[in-house]
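Below are the chains, spelled out letter by letter.
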Amino acid sequence: MKSVFKDEIYMIQDFLPFACKSCQQVFCLDHKFPDDHDCKEFSAETPYVEYSGTKAYTCSITKCTARELMPVVCEKCSKNFCLRHRHQNDHNCENLVEKITPTKTAEHVQQILGKLNSHDKLPATPTKTAEYVQQILGRLNSHDKLPATPTKTAEHVQQILASKKLNEHPKKTKGRKSSKTAAKVALMKMKMNAAGDKKIPEPDRVYFSVVLPGGSISKGPAKPLFFSKTWSVGRVLDAAADKVSISNTNNTDSSQKLRLFSADEGSLLPTDQTIDSLLSEETICNGCTVILERVPDDVININLDLYY
């Protein structure tokens, strides 16, 4: 049985007592505040006590008013920032060292090749090509430098050269706009019967028609598969080989490697690049056809005439 308390002044019974902090007497709900029972001990004047605890840490960005309870210090410039500006790119860190990616290297070499005269001939071997481009840079602008090691630069220069090399009778490829339209139509069909890892969230799924080794774009065999856009091309290769049950010797010393190529350009899709970045660059698109082929490790382009 619940206890019943009696208001000490107004003599009203209540199941929930309220003790006044000033006069220490017990009151009901209607008289619990000092003003409600004319408390004689209550004083409205409360002394001001200055806060002496830990103060918030301000952001070093001039126009940013955000504060944090804990210090967020950049390990490169030793300045304090808020959570929004804690990364080097977000606060334009004065000691930021830009990471050079294969894509940036390729773009830079593309700019260099654009400056070449039509009579300039590039050597056949990758190493000499890199040296030659360095010599051309010396002729053009003394401050231009290739943003990578000679070996990696050589590889990317060789890829660009191979993709730009003109044949006497090149195959006419589909326009990018028509390829995208065809891919959209194919995508709707793929979603009904494509195979893949069902744990991949729907928004992350990217669908490809994968032409299997020895097949053709027009006659097949081709397999509709879906992958995560966050995966690298190398991981896509492994997953595709597993789904179609073909031998994958990429992690051995075999001279033949499984590689993915664009069915529109015949160019190699770099194994270390993510599907999302290739989609952003419009190298491939959701619903397009890619070619899975077993080739020597140094092949970066395939002849599309052999796949029609």
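I will try to describe carefully the structure that is included in this document. (Residues numbered from 1 in each chain as written. Predicted model: local features only at pLDDT ≥ 70, side-chain atom pairs only at ≥ 80, totals over all residues. Heavy atoms only, no water.)

**Here's the deal with the overall build of the protein**
Reasoning step 1: Scanning the protein from terminus to terminus reveals six helices and eleven strands.
Reasoning step 2: Among the 308 residues that make up the protein, the fraction classed as buried is 32%.
Reasoning step 3: Pairs at least 24 residues apart make up 49% of the contacts formed inside the protein by residues separated by at least 6 positions.
Reasoning step 4: Carbon and sulfur atoms form 51% of the exposed surface of the protein, whose accessible area is close to 20900 Å². (Helix = DSSP H or I, 4+ residues; strand = E, 2+ residues; numbered from the N terminus. Buried < 20%, exposed > 50% of the residue type's maximum accessible area, 1.4 Å probe, protein only. Contact = heavy atoms within 4.5 Å. Areas by Shrake-Rupley, 256 points an atom, 1.4 Å probe, with all protein chains shown as cover.)

**Considerations on the nonpolar core**
Reasoning step 1: Formed by 30 residues in total, the largest nonpolar core has its most connected members in Phe-208, Val-210, Phe-227, Leu-260, Ile-284 and Val-290.
Reasoning step 2: Elements with a contribution of two residues or more to this core: helix H4 (176–193), strand S8 (205–216), strand S9 (220–228), helix H5 (233–243), strand S10 (256–262), helix H6 (275–280) and strand S11 (289–296).
Reasoning step 3: Beyond its immediate chain neighbours, meaning those up to four positions away, Val-210 contacts Pro-221, Ala-222, Lys-223, Leu-225, Phe-227, Val-290 and Leu-292.
Reasoning step 4: Judged by nonpolar contacts, the second largest core, of eight residues, contains Val-211, Ile-291, Val-295 and Leu-304. (Core = buried A, V, L, I, M, F, W, Y, C linked by side-chain atoms within 4.5 Å.)

**Looking at the pattern of salt bridges**
Reasoning step 1: Taken as a whole and judged by the stated rule, the model has three salt bridges.
Reasoning step 2: Close ionic contact of Arg-205 with Glu-202 constitutes a salt bridge, the shortest N to O distance being 3.3 Å.
Reasoning step 3: One salt bridge connects Asp-297 with Arg-259, and the closest N-O pair in it is separated by 2.8 Å. You can see Asp-297 sitting in the segment after S11 and its partner Arg-259 sitting in strand S10, a full 38 residues away along the chain.
Reasoning step 4: Of the residues examined, Arg-259 reaches a relative accessible area of 14% and is grouped as buried. (Salt bridge = Lys/Arg side-chain N within 4 Å of Asp/Glu carboxyl O.)

**Regarding the sheet that holds S9**
Reasoning step 1: The five strands are arranged S7-S9-S8-S11-S10 in an open sheet whose pairing can be described as mixed. At either margin of the open sheet sits one strand with a lone partner, and together these are strand S7 (195–196) and S10.
Reasoning step 2: With two bridges connecting them, S7 and S9 associate as parallel partners. Along S9, the bridge assignment pairs Gly-196 with Phe-226. (Pairing = 2+ DSSP bridges.)

**Quick word on the environment of Ala-222**
Reasoning step 1: In this fold, Ala-222 is placed in strand S9.
Reasoning step 2: Separated by eleven residues in the primary sequence, Ala-222 and Val-211 have C-alpha atoms spaced 4.2 Å apart.
Reasoning step 3: Setting aside residues no more than four positions away along its own chain, Ala-222 makes contact with Ser-209, Val-210 and Val-211.

**A few points about the environment of Lys-223**
Reasoning step 1: Tracing the chain through its elements places Lys-223 in strand S9.
Reasoning step 2: For the pair formed by Lys-223 and Val-244, sequence separation is 21 residues and the distance between their alpha carbons is 7.8 Å.
Reasoning step 3: Setting aside residues up to four positions removed in sequence, Lys-223 forms contacts with Phe-208, Ser-209, Val-210, Leu-212 and Val-244.

**Some thoughts on the packing of aromatic side chains**
Reasoning step 1: All told, the structure shown has three aromatic pairs when counted by the stated rule.
Reasoning step 2: Taking 5.5 Å as the distance between ring centres and 50 degrees as the angle between the ring planes, the aromatic pair formed by Tyr-207 and Phe-226 counts as tilted. Highlighted residues: Tyr-207 in strand S8 and Phe-226 in strand S9, separated in sequence by 19 residues.
Reasoning step 3: The exposure class of Phe-226 is buried, given its relative accessible area of 5%.
Reasoning step 4: When the ring of Phe-227 is compared with that of Trp-231, the centres are 6.4 Å apart and the planes differ by 55 degrees; the resulting orientation is tilted. (Phe/Tyr/Trp six-rings, centres within 6.5 Å; stacked < 30°, edge-to-face > 60°.)

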